Amino acid sequence: MVDIPTASLAGDVRMPMVGLGTAGLVGDAGYSAMRHALDIGYRHLDTATAYDNEAEVGRALRDSGVAREAVFITTKLPPERAGDASAVLTKSLRALGVHQVDLWLIHWPPDGQACAPAWRALIAARESGAARAIGVSNYGIGQLDELAAATGVVPAVNQIPWSPARHDPAMLAAHRSRGIEVEGYSPLNGTDLDDPALTRIADAHGATTAQVVLSWHLTHGITVIPKSGSAERQRANFRAGELSLTDDEVRAVDRLAQ
């Protein structure tokens, strides 16, 4: 079993830093992909109300034989349902077949706004025990600050697109200074996986360039949720946690954003 690092969230919650993104994994094929991931060793499944696959996530977990408490489940509140958050979460819990999610996020800023009322609904869910940790997705730094100023509660996580091509040290530092974990989605998108810098590093480690990119995220302390329905790719992505890049190799990948 690959030893996957974890990120520490408020409330003594530990989030595995390699998860499976499940957008587009629906129906029997989606269920099978999630079962494969759990069999491989994934212990973090990322879903959303908008993905329409929470039932598949729940069924895969139940059928896997893996204990519920061993798997970190994230789901997300659609921005258009911000005014009905409690009912949305109740439906998500029912579909997932669990009494609590590990992380509940606002999927996008509702109407492009921070939306303190929706954030208060997430805070209430955490206080009631329906969600262990709460956060947001696709929020800017100013919007994060608005939520904190309005409620006194800082999002534990901001799930945003991240890859070598999008690497922004100042943005990462801004999250860190606020105690917010960055969770990167689409970690392999937008980067040329045939770039010579990546192929040199991959060859040195006997790895794939995708594994190098995922390991680079982990080295920067960024949680990754690559999506794949292929058991072979899921296994390869998961094993990125075994790589250890040198400082020079990390800097070489950093430069891909320039």
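Before reading on, note that the structure itself is shown above.
To keep things clear, this report deals only with the structure shown in the data block. (Residues numbered from 1 in each chain as written. Predicted model: local features only at pLDDT ≥ 70, side-chain atom pairs only at ≥ 80, totals over all residues. Heavy atoms only, no water.)

## Topic: helix H3 (residues 85-96)
Selection rule: Runs of H or I in DSSP of at least four residues are treated as helices and runs of E of at least two as strands, each being numbered from the N terminus. Multiplying one less than the number of residues by 1.5 Å gives the expected span of a helix. Per-residue accessibility, obtained with a 1.4 Å probe over protein chains only, is compared with the maximum for each type, and a residue is labelled buried under 20%, exposed over 50%, and partly exposed between these values. Taken from the helix axis, the directions to the C-beta atoms give the arc we talk about. In this description, contact between two residues means that some pair of their heavy atoms is separated by no more than 4.5 Å.
End to end, H3 covers 16 Å across 12 residues, agreeing with the expected 16 Å (1.5 Å per residue, within 8%). All of the buried residues in H3 are Ala-85, Val-88, Leu-89, Ser-92, Leu-93 and Leu-96. When H3 is viewed along its axis, its buried side chains cluster within an angular range of 135 degrees and face the same direction. The exposed residues of H3 that point more than 90 degrees off its buried face are Ser-86, Lys-91 and Arg-94. Of the surrounding secondary structure, the elements contacted by the buried residues of H3 are helix H2 (54-64), strand E5 (72-77), strand E6 (101-106) and helix H4 (116-128). Positive phi appears at Gly-97, one or two residues downstream of H3, with a value of about 75 degrees.

## Here we look at the sheet that holds strand E8 (residues 157-161)
Stated formally: Here, any two strands with at least 2 DSSP bridges between them count as paired.
Within the open sheet, the 8 strands sit side by side as E3-E4-E5-E6-E7-E8-E9-E10. Their pairing is parallel. Each having just a single partner strand, strand E3 (20-21) and strand E10 (223-224) make up the two edges of the open sheet. Across 5 bridges, E8 lies against strand E9 (residues 181-185) in parallel orientation. Residue pairing in the sheet places Val-157 in a bridge with Glu-181 of E9.

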